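Coordinates in review
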Amino acid sequence: MSLPLHISDPADAASDRARISETFVSIQGEGKLTGVPSWFVRFSGCNLRCTWCDTPYASWKPDGVARTIDELAAEAHGAGVGHAVVTGGEPMLFSAAATLCERLRAAGLHITIETAGTIFRPIACDLLSISPKLSNSTPSASDPRDPSGQWHARHEERRMNIEVLQGLLNAHPQRQLKFVVAGEADLAEIDGLLARLSGWTSTDVLLMPEGVTTPSRERTDWLVATCIARKWRYCPRLHIELFGNKRGT
Ligand code: SF4
């Protein structure tokens, strides 16, 4: 399949190693597999700069160390939890993510990949967790984290690619479309996007309130009502409720 790959920075063509922000064992906090004990690996680097990014150490200021796929596969296997979550940053930037997933599959682990859905690459997984970025994600042109002022336009240009999203849906029958919702105005944007995509069902669509704290009932009542009306899923952040907004959870 030939699809436009929005890979320009900081793509890493090495397939046997990559810069990793962190690995840890926790419970999956979001989505269809909420509560499942999992080994997490966070690739460092992203082609977007969401204004509310909850992992800025893998996007705005990417940190981490080079790890080999051999090391990571052994660590995942040794974690003994049966589920692996490949996240970022944007793991689809890295060819090493595909290599790692091949190894995890060979070891019999269930694989979830968490992606913003702007990059297509063939990759083995059991659940593709796609989080398309709405306009509420775009940083302002005067964001102090971006003194050069480049990321407002760059993020806006990259955040939505219908052809790539459809390719990912076609390639991954086990998937979820997880939207970070900041307000009721976002619903029209979600409806407009879903109208341009085919093959999804209502059980694939999840709405998650924006924020890194447990939201109040006032902030979530309308979201819950919307999910009930449309037969979508409400998506809490269980890891935030259990551990707060902390790395390694
Ligand atoms: S796509 Fe994810 S990792 Fe990248 S900036 Fe947005 S929230 Fe952060």
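Just so it is clear, the structure is predicted and the values come from calculations on it, not from any experiment.

**Description of unusual backbone geometry**
Residue glycine 88 is joined to glycine 89 through a cis peptide bond whose omega torsion reads 15°. Along the chain, glycine 89 turns up in the loop between β4 (83–87) and α2 (95–106). You will see that lysine 231, though not glycine, has its phi angle at about 60°, which is positive. Structurally, the position occupied by lysine 231 is in the loop between α6 (217–230) and β9 (233–234).

**Quick word on the nonpolar core**
Residues Phe43, Ile113, Phe179, Ile190 and Leu207 are the most contacted members of the largest nonpolar core, which totals 50 residues. Take this core: its biggest share by element is 6 residues, from α2. Discounting residues that sit within four places of it in the chain, isoleucine 190 has contacts with Leu134, Phe179, Val181, Leu207 and Trp232. In this structure, Cys50, Val180, Leu206 and Cys235 belong to the second largest nonpolar core, which totals 8 residues.

**Let's talk about the packing of aromatic side chains**
In the structure shown here, the tally under the stated rule is 2 aromatic pairs. Ring centres of phenylalanine 24 and phenylalanine 40 lie 4.8 Å apart, and the angle between their planes is 10°; this geometry places the pair in the stacked category. One end of the pair, phenylalanine 24, is in strand β1 (residues 17–27); the other, phenylalanine 40, is in strand β2 (residues 37–43), and 16 residues separate them in sequence. Residue phenylalanine 40 is classed as buried on the basis of its relative accessible area, which comes to 6%. The ring of tryptophan 151 carries the charged tip of arginine 154 above its face, separated from the ring centre by 4.6 Å. A cation over a ring is seen here: arginine 247 above tyrosine 57, with NZ or CZ 3.6 Å from the ring centre.

Calculation rules
- Residues numbered from 1 in each chain as written.
- Predicted model: local features only at pLDDT ≥ 70, side-chain atom pairs only at ≥ 80, totals over all residues.
- Heavy atoms only, no water.
- Helix = DSSP H or I, 4+ residues; strand = E, 2+ residues; numbered from the N terminus.
- Core = buried A, V, L, I, M, F, W, Y, C linked by side-chain atoms within 4.5 Å.
- Buried < 20%, exposed > 50% of the residue type's maximum accessible area, 1.4 Å probe, protein only.
- Contact = heavy atoms within 4.5 Å.
- Phe/Tyr/Trp six-rings, centres within 6.5 Å; stacked < 30°, edge-to-face > 60°.
- Lys NZ or Arg CZ within 6 Å of the ring centre and 35° of its normal.

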